[in-house]
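Read off the chains here:
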Amino acid sequence: MAPAETTPERHVTGADIVLDSVVKRYRGQRTPAVARLDLAIAAGDIAAFVGPSGCGKTTTLKMINRLIEPTEGRILIGGRDVTKEDPDTLRQGIGYVIQSGGLFPHWSVAKNIGAIPRVLGWDRKRIAERTEYLLDLVGLDPREFAHRLPKDMSGGQQQRVGVARALAADPPVLLMDEPFGAVDPITRIRLQDSLLAIQQELGKTIVIVTHDFEEATKLGDKVLILSAGGHVEQYATPEQILTDPATPFVEEFVGSGAKLAYLTVSRVRDVSTQPVTTARVGEPTGEVLARAEAAGHTWVVVVDEHDRPRSWPTLAEVRSKPEISDYLDRRLPVVARSSTLNDALDAMLATSQGAALVTDGRGAVTGSLSIEAVTEVIRAKLAESRGEQENLSYETYVPGTDPTPTPVVAADEPGTAAAESAEPESAEPGSAQAS
Amino acid sequence: MTATASPARTTPAAPAAAGSALARRLARLPMDVWFEPLIIVVLGVGYLLWYRSATLTPTEQASLGWDNLQTTILEHVKLTLVATVIVVALAIPLGILLTRPALRRLEPIAVNIANIGQAAPAVGLLVLFTFWLGTGFRTAVVGLVVYAVLPILQNTIVGLRQVDRRTIEAARGIGFSALRTLVQVELPLAVPVILNGVRTALVILVGTATLSTFIGATSLGTLITTGVTLFLPKLLVSGAILVALLALIIDWLGRLVELAATPRGLS
């Protein structure tokens, strides 16, 4: 299920990272911020660091590019011990992205992206070409955005520019410090998908720090769960962590969300999607109708010249115009093939639609995913986990063998009779479980 | 330096947009930019009309005659500018040094010393310096410099400190050296605040330079003191109005520089 497995021919340009008994101790503090951390990140992988605040995840990240100097230990990137190198030169070869991009507010997008190439002495033409390529890669139109100032862009767009700037000198390693912390949930999902698509294309080694476990399982090929003092609780694939938490800490950290966590590790591409009939803007209606009817579809997807979806009218709606209109449906639920089923469900619920369109890394539509397909996955997963528990049902139950009182889940507003009677009840389930 | 260059360097790439952008920028000009020259013109024209119609006694003529008046004004401007150049050359580098990690601890001490310079009465300060350096232009400049260090030093420190830590961290994180971060990121982002300090210092200096007349340096204060001692109201009022005009003009020019030097992305 990890991206690396689905495309074995993937071109890896990243370098592996090894942390060899790295320690960070701050003066005047008794307990070290990071105590003896050993870690190996494979080239071309995404490693997600997650944990409660103060667990040393950001400290560990910043030790890799030596924004924070490790007190002890070695850090090797591609086999090179970087603790001996000049920190500025080292950082020029490592991409670095922080929350909301950390763009220089007084520079245009193009100048921001060209920052490190200029330091490295690239010529003007090469920088311009690279800037254009990178803006295109992160999904921003170079003609529209190259000369904008950061303040004239949305948070998500700034974040994309931040990623482009980090990739400017084509570094093998990309470090991201809570990159998607400051954007709204819908934008965050888009940015995550876009990062996965970029990673798929470039094969860099990416280390990402996040406080969001769901984000870690979605992005990480491997997830590192840290507890206070940079103590490694578990370093494994998201599936392993969800199905086989190594310690009680991990179990608690993963939390009750784990019941449906399967949705966050299964991707849209793992579920069967239905083909759709696409229609270009400006096409004559007759041809489109004929094509849709031949395929047995009751609606079509209108796409632009890059096959990106604009709207999804029913055949009746299509008939209302002589040719396909360029109407843009702003509430179109669109998910990427790399999106998790959880994202897909979110998108459908957010737009109150029973299905979502599936797009590839460049935003071109590849099919549709219905809510039934998603619920089918949930049902199958629930049946599976129920099978593991004792198979008790109304029919097989022997009357009088279970003393558990009726559980009260929802209480009314305080002050009502129902709430008052629920108060002592809430202590019950715990004691019942203990018995 | 870099601040003035960076907006200029980015605009030529979009020449079509530049014209309309300039028009939009002019329309959005803050009120003080056009209101201040209005007052300057009214005051200046009023004084000029009076000056041309006034009949002067020989004593008044000695001070207010155009040749003498011209010298006095130029002398005053010279005193102000020389002091400003020295203050800028001292206070800005000092402010930068005091915000570097290694010297940050010294900052309260330096600001306190500068504070004493400003808190001491200007006349007293100037007179005290004559005991040490004698009278004349040089002493006046030294006194003025001590008096005007604080606003520039303070604003340089505040300006550099208000730069978002995350922006600086991003600069270091992508591989900018400390010096490059200072020159290309921190200073351009601190320019509006620093220039504001320079403007404040200039205005203080124009006013305070009048006092240098007490220690034998010529300035518009000479008109005022002569006016007071010989009871010549024309001299007294002329001196006062001309100092005010000069202060307003310098303040306005400073404002224009500030506006031009502020990076586009900050307004």
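Residues numbered from 1 in each chain as written. Chains lettered and ligands numbered in written order. Predicted model: local features only at pLDDT ≥ 70, side-chain atom pairs only at ≥ 80, totals over all residues.

Visitor: Would you explain the overall build of chain A in this entry?
Guide: Secondary structure assignment for chain A yields 19 helices and 16 strands. The contacts of chain A with a sequence gap of at least 6 include a subset with a gap of at least 24, amounting to 64%. (Helix = DSSP H or I, 4+ residues; strand = E, 2+ residues; numbered from the N terminus. Contact = placed C-beta atoms within 7 Å.)

Visitor: Mind showing me how you'd approach the overall build of chain B here?
Guide: Across its full length, chain B carries 12 helices and zero strands. Ordered by position in the sequence, the α and β elements of chain B form the string α-α-α-α-α-α-α-α-α-α-α-α. Its C-alpha atoms give chain B principal-axis dimensions of roughly 70 × 50 × 25 Å.

Visitor: Teacher, can you tell me more about the interface of chain B and chain A here?
Guide: Counting residues at the interface gives 20 residues for chain B and 23 residues for chain A. If you list the elements that add at least two residues to the side of chain B that touches chain A, you get helix 1 (2–10), helix 9 (165–173) and helix 10 (178–208) of chain B. Here the side of chain B that touches chain A is built from residues that sort into nine nonpolar, seven polar and four charged. (Nonpolar A, V, L, I, M, F, W, Y, C, P; charged D, E, K, R; others polar.)

Visitor: Please clarify how the domain arrangement of chain A should be interpreted in this entry.
Guide: Size of an interface, as often reported, equals the accessible area lost when the parts are brought together. All names here are of chain A. The domain boundaries assigned to chain A delineate domain 1 (3–259) and domain 2 (270–374). On a C-alpha basis, the centres of domain 1 and domain 2 stand 33 Å from each other. Taken together, the eight residues of domain 1 in the interface contact eight residues of domain 2. Here the side of domain 1 that touches domain 2 gets seven residues from one element, more than from any other, and that element is helix 9 (residues 185–202). Residue composition of the side of domain 1 that touches domain 2, by class: four nonpolar, one polar and three charged. (Domains from an automatic or database assignment.)

Visitor: What is the right way to look at the nonpolar core in this model?
Guide: A general feature of soluble globular proteins is that nonpolar side chains tend to end up buried together. Among the nonpolar cores identified, the biggest contains 154 residues, and A:A48, A:V207, B:A148 and B:V149 are the most heavily contacted of them. When residues in this core are grouped by element, the largest group, 14 residues, is from helix 10 of chain B. Here this core spans two domains, and each of domain 1 (3–259) and domain 2 (270–374) of chain A adds at least three residues to it. Not counting chain neighbours up to four residues away, the residues in contact with B:A148 comprise B:A83, B:V87, B:A201, B:I204 and B:L205. (Core = buried A, V, L, I, M, F, W, Y, C linked by C-beta atoms within 7 Å. Buried ≥ 20, exposed ≤ 12 C-beta atoms within 10 Å, placed from the backbone.)

Visitor: Even after reading the chapter, I still don't get the sheet that holds strand 7 (residues 173–177) of chain A, so can you show me in this structure?
Guide: Within a beta sheet, neighbouring strands are joined by backbone hydrogen bonds and run either parallel or antiparallel to one another. All names here are of chain A. The strand order across the open sheet built from six strands is 6-7-8-3-9-10, with neighbouring strands paired in mixed fashion. Unpaired on one side and paired on the other, strand 6 (94–98) and strand 10 (231–236) mark the two borders of the sheet. On average, adjacent strands in this sheet sit at an angle of 15° to one another, irrespective of strand direction. Inspection of the sheet shows strand 3 (residues 46–50) paired to strand 9 (residues 222–227) by four bridges, in the parallel sense. Residue A47 lies in a different strand from strand 9, and its bridge partner there is K222. Sheet strands touched by helix 2 (residues 57–64): strand 3, strand 7, strand 8 (205–210) and strand 9. Its angle to strand 8, the strand with the most contacts, is close to 150°. (Pairing = 2+ DSSP bridges. Axes fitted to C-alpha atoms, helices over the stretch in contact; angles between N-to-C directions.)

Visitor: It is not clear to me how the packing of helix 8 (residues 137–161) of chain B against helix 10 of chain B should be interpreted in this structure. Could you clarify?
Guide: Residue and element names in this part refer to chain B. Relative to each other, helix 8 and helix 10 sit at 160°, their axes nearing to 8 Å. Relative to helix 10, the element helix 8 is oriented roughly antiparallel. The two elements helix 8 and helix 10 cross, and the hand of that crossing is right-handed. Where helix 8 approaches helix 10, its residues L144, Y147, A148, P151, I152, Q154, N155, T156, V158, G159 and L160 are matched on the opposing element by E186, A190, V193, I194, N196, G197, V198, T200, A201, I204, L205 and T208. Here the contact of helix 8 with helix 10 is built from residues that sort into 14 nonpolar, eight polar and one charged. (Parallel < 35°, antiparallel > 145°, perpendicular 65-115°, else oblique. Left-handed = near helix turned anticlockwise from the far one by under 90°.)

Visitor: Just to check I follow, could you spell out helix 12 (residues 233–261) of chain B for this structure?
Guide: An α-helix turns once every 3.6 residues. As a result, residues three or four positions apart point the same way. Residue and element names in this part refer to chain B. Compared with an ideal rise of 1.5 Å per residue, which puts 29 residues at 42 Å, helix 12 spans 42 Å between its outermost C-alpha atoms and is within 8% of the ideal. Every buried residue belonging to helix 12 is among L235, S238, G239, L242, V243 and L246, and all of these are buried. Here the buried face of helix 12 lies against helix 4 (58–64), helix 5 (66–99), helix 10 and helix 11 (220–229). (Expected span 1.5 Å × (residues − 1).)

Visitor: Looking at this structure, I do not really get the sheet that holds strand 12 (residues 301–303) of chain A. What am I missing?
Guide: All names here are of chain A. Strand order in the open sheet formed by three strands is 11-12-13, with mixed pairing between adjacent strands. Both outer strands of the open sheet, strand 11 (278–280) and strand 13 (309–311), are each paired with one neighbouring strand and no more. When the angles between neighbouring strand axes are averaged without regard to direction, this sheet yields 45°.

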